[in-house]
Amino acid sequence: MKVCIYGAGAIGGYLGVQLAQSGAADVSLVARGAHLQAMKDNGLKLLIDGGERVVKVNATDKPAELGVQDVIIICLKAHSITGAIDAMKPLLGSHTRIVTAVNGVPYWYFYKHGNQ
């Protein structure tokens, strides 16, 4: 199964390491900048339970290089999604499933919401 993690920050990085180590999926990550270069040079690292887990995964800033995926897990901050939609299109096939793990709800979202 081909799984693309779109956004390799805290949530995407965590999921990427765990999925890659499970051996149940061929994991790729879409990232950018210095983080992307660090993953290419050193692998994707997760510090957990006092230990360190490092996996080598395919990482890119060009989603079209990855081809159609079985699953895309979107791990972007909410305000970044609209700017990434067109770049995701080459990842989509007729049976691709999309999972959202979006974060970035602003601190003020619930301010004066309802009777609060």
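Residues numbered from 1 in each chain as written. Predicted model: local features only at pLDDT ≥ 70, side-chain atom pairs only at ≥ 80, totals over all residues. Heavy atoms only, no water.

Draft legend 1. The arrangement of the overall build of the chain in detail. Across its full length, the chain holds 3 helices and 7 strands. Element order for the chain, N to C, with α for helix and β for strand: β-α-β-α-β-β-β-β-α-β. Here the chain holds 116 residues, and the buried ones make up 34% of them. If you sum the accessible surface of the chain, you get close to 7,300 Å²; carbon and sulfur atoms cover 55% of it. (Helix = DSSP H or I, 4+ residues; strand = E, 2+ residues; numbered from the N terminus. Buried < 20%, exposed > 50% of the residue type's maximum accessible area, 1.4 Å probe, protein only. Areas by Shrake-Rupley, 256 points an atom, 1.4 Å probe, with all protein chains shown as cover.)

Draft legend 2. View of the sheet that holds strand β2 (residues 26-30). Here we have 5 strands laid out as an open sheet, ordered β5-β2-β1-β6-β7, and parallel in their pairing. Two strands close off the open sheet at either side, each with one partner strand: β5 (58-60) and β7 (97-100). Sheet twist, expressed as the average angle between the axes of neighbouring strands with direction ignored, equals 20°. Note that strand β1 (residues 2-6) and strand β6 (residues 71-74) share 4 bridges and pair parallel. Opposite V3, over in β6, you have V71 as the bridge partner. (Pairing = 2+ DSSP bridges. Axes fitted to C-alpha atoms, helices over the stretch in contact; angles between N-to-C directions.)

Draft legend 3. Just the nonpolar core, in detail. Counting 19 residues, the largest nonpolar core has I5, L29, M39, L44 and I73 as its most contacted members. Among the secondary structure elements, those contributing two or more residues to this core are β1, β2, α2 (33-42), β3 (44-48) and β6. With residues up to four places along the chain from it excluded, the contact list for I73 reads V3, C4, I5, Y6, L15, L19, V99 and A101. In terms of nonpolar packing, the next biggest core, distinct from the first, is built from 10 residues, C4, V30, L76 and A84 among them. (Core = buried A, V, L, I, M, F, W, Y, C linked by side-chain atoms within 4.5 Å. Contact = heavy atoms within 4.5 Å.)

Draft legend 4. Here's a closer look at the pairing of strand β4 (residues 51-55). Here β3 pairs with β4 via 5 bridges, running antiparallel. Bridged to L46 within β4 is R53.

Draft legend 5. Region of the structure containing the pattern of salt bridges. The full count for this structure, using the stated rule, is 3 salt bridges. Measuring nitrogen to oxygen at the nearest pair gives 3.8 Å for the salt bridge that ties E52 to K45. Residue classification places E52 among the exposed positions, given a relative accessible area of 52%. (Salt bridge = Lys/Arg side-chain N within 4 Å of Asp/Glu carboxyl O.)

Draft legend 6. Region of the structure containing the environment of V68. Checked against the element boundaries, V68 lands in the loop between β5 and β6. Note on V68: relative accessible area 47%, which makes it partly exposed. Residues V68 and K89, spaced 21 residues apart in sequence, show a C-alpha to C-alpha distance of 8.9 Å. Residues contacting V68, with those up to four places away along its chain left out, are K2, P90, L91, L92, G93 and T96.

Draft legend 7. Spotlight on the environment of I48. Relative to the helices and strands, I48 is located in strand β3. Taking the C-alpha atoms as reference, I48 lies 9.5 Å from Y14; in sequence the two are 34 residues apart. Beyond its immediate stretch of four places on either side in the chain, I48 contacts Y14, Q18 and R53.

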